[in-house]
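Chain residues, written in single-letter form:
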Amino acid sequence: MAGRMLTYEDGIVMLNGEILPGILKNQSVRGSVRFDETKQDGGGSGKVKVAMGWEDADVSLTLELLTDDQSTCYDKLAKINSIFKGHDSGGRPGVYSVNNPMLTAMGIRQVIFCDLDAMESDHDDVIDCQLSFVEEGIDIQTVENRASSGDKASTTLTKTPGGTKPDPGPDTAINVDVM
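Residues numbered from 1 in each chain as written. Predicted model: local features only at pLDDT ≥ 70, side-chain atom pairs only at ≥ 80, totals over all residues. Heavy atoms only, no water.

### Overview of helix 1 (residues 73-84)
Test applied: In this text, helices come from DSSP runs of H or I with a minimum length of four residues, and strands from runs of E with a minimum of two, each type numbered from the N-terminal end. Under the convention used throughout, the expected extent of a helix is 1.5 Å for every residue step, that is, one less than its residue count. Burial classes: relative accessible area under 20% of the type maximum marks a residue as buried, over 50% as exposed, and values in between as partly exposed (1.4 Å probe, protein chains only). The directions considered for the arc run from the helix axis to the C-beta atoms. Whether two residues are in contact is decided by their heavy atoms, any of which lying within 4.5 Å being enough.
Its 12 residues place the ends of helix 1 16 Å apart at the C-alpha level, agreeing with the 16 Å of an ideal helix rising 1.5 Å per residue. Residues C73, K76, L77, I80 and I83 constitute the buried set of helix 1. One side of helix 1 holds all its buried residues, which, seen down the axis, span an arc of 120 degrees. Looking at the buried residues of helix 1, the elements they touch are strand 2 (12-15), strand 3 (18-19), strand 7 (58-66), strand 8 (95-99), strand 9 (110-120) and strand 10 (126-135).

### Some words on the nonpolar core
Selection rule: In this text, buried Ala, Val, Leu, Ile, Met, Phe, Trp, Tyr and Cys residues form a nonpolar core when linked through side-chain atoms within 4.5 Å.
In terms of nonpolar packing, the biggest core is built from 27 residues, with L6, F113 and L131 touching the most fellow members. Among the secondary structure elements, those contributing two or more residues to this core are strand 1 (5-9), strand 2, strand 4 (23-30), strand 7, helix 1, strand 8, strand 9 and strand 10.

### Details of the packing of aromatic side chains
The criterion, for reference: Ring geometry is summarised as follows: Phe, Tyr and Trp rings, the Trp one being its six-membered ring, pair when their centres sit within 6.5 Å, and such pairs are stacked at plane angles under 30 degrees, edge-to-face over 60 and tilted between the two. By the criterion adopted, a ring carries a charge over it if an Arg CZ or a Lys NZ lies within 6 Å of its centre and within 35 degrees of its normal.
In this structure the tally under the stated criterion is two aromatic pairs. Ring centres of F84 and F113 lie 4.9 Å apart, and the angle between their planes is 65 degrees; on these two criteria the pair is classed as edge-to-face. Of the two residues, F84 sits in helix 1 while F113 sits in strand 9, which places them 29 residues apart along the sequence. The class of F113 is buried, set by a relative accessible area of 4%. Within the aromatic cluster, the residues linked to one another by ring pairs are F84, F113 and F133. One cation-aromatic arrangement involves K49 over F35; the distance from NZ or CZ to the ring centre is 5.4 Å.

### A short note on the sheet that holds strand 10
This is how the line gets drawn: Pairing between two strands is assigned when DSSP locates at least 2 bridges connecting them. Note on definitions: angles span 0 to 180 degrees between N-to-C directions of axes, and those axes are lines fitted to C-alpha atoms, for helices only across the stretch in contact.
The strand order across the open sheet built from eight strands is 3-2-1-8-9-10-7-4, with neighbouring strands paired in mixed fashion. The open sheet has two edge strands, strand 3 and strand 4, and neither has a second partner. Examined bridge by bridge, strand 1 and strand 8 share three bridges and lie parallel to one another. Within strand 8, the residue paired with L6 across the bridge is V98. Packed on one face of the sheet, helix 1 meets strand 2, strand 3, strand 7, strand 8, strand 9 and strand 10 and runs near 155 degrees to strand 9.

### A look at the environment of K47
Relative to the helices and strands, K47 resides in strand 6 (residues 47-54). A residue is classified by how much of its surface remains accessible, and K47, at 54% relative accessible area, is exposed. In contact with K47, not counting residues within four places along its chain, are E37, T38 and K39.

### A few points about a negative patch on the surface
Applied cut-off: Patch criteria: residues need more than 30% relative accessible area and no salt bridge. Like-charged residues are merged within 9 Å; nonpolar side chains of Val, Leu, Ile, Met, Phe, Trp and Tyr are merged within 5 Å. Accessible areas in this description were obtained via Shrake-Rupley with a 1.4 Å probe; residue shielding takes into account the shown protein chains only. What makes a salt bridge here is a side-chain nitrogen of Lys or Arg within 4 Å of a carboxyl oxygen of Asp or Glu, nothing more. Just so you know, the count uses Lys and Arg for positive and Asp and Glu for negative, and it drops His and the chain ends. Charge coordinates come from a single atom per side chain, which is NZ of Lys, CZ of Arg, CG of Asp or CD of Glu.
Together, D56, D58, D115, D117 and E136 make up a negatively charged patch on the protein surface. The residue E136 is located in the loop between strand 10 and helix 3 (140-149) in this model. A relative accessible area of 33% places E136 in the partly exposed class.

### Quick word on a nonpolar patch on the surface
Side chains of V33, F35 and W54 sit close together on the surface and give an oily, nonpolar patch of about 270 Å² of accessible area. Inspection of the secondary structure assignment puts F35 in strand 5 (residues 33-39).

### Quick notes on the environment of D68
This is how the line gets drawn: Under the rule applied, a polar contact is a pair of N or O atoms within 3.5 Å (in protein, one hydrogen donor and one hydrogen acceptor; residues adjacent in sequence only if both atoms are side-chain atoms).
With respect to the helices and strands, the residue D68 is situated in the loop between strand 7 and helix 1. For the pair D68 and D125, spaced 57 residues apart in the sequence, the C-alpha separation amounts to 9.4 Å. Of note is the side chain of D68, whose polar atom sits 3.0 Å from the backbone nitrogen of Q70. There is a polar contact of 2.8 Å between the side chain of D68 and the side chain of K76.

In structure tokens form, the structure reads like this:
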């Protein structure tokens, strides 16, 4: 299914132009750094962590599904579940383009609907439904832009007796003997 779209604001979540049943309670986006961990050389305890880039961001939306005159909270959950289990022509979960100011601010353009969690209590006919998405389609340009927005120096890694350390590169300073 080409052209899938995820939008949400003002308490309404839409997938492909279809309003999902429920009220948007909250949204969260989580980004994190990807580390390569190696054991220290020389038999010492602990690990050396080397920052390798960024993990794909996680996006979470929590909807409150209420029972009303038209349908029960279970009917609404079944509808969301059928969308969650929808797929493209190859049987793979679809990729959604996003249109939301918070996601745009974090540089997220596409996501995959990756998790669906439902929680209810025995006190009322309400289900809290958490829709989780993972960032998709980080291209090389995006990775390079993220890297350049951080530390401008490009370093290589050198194996040292204490572990893996950044190599400062060749010393380009001019040495002058002072007598």
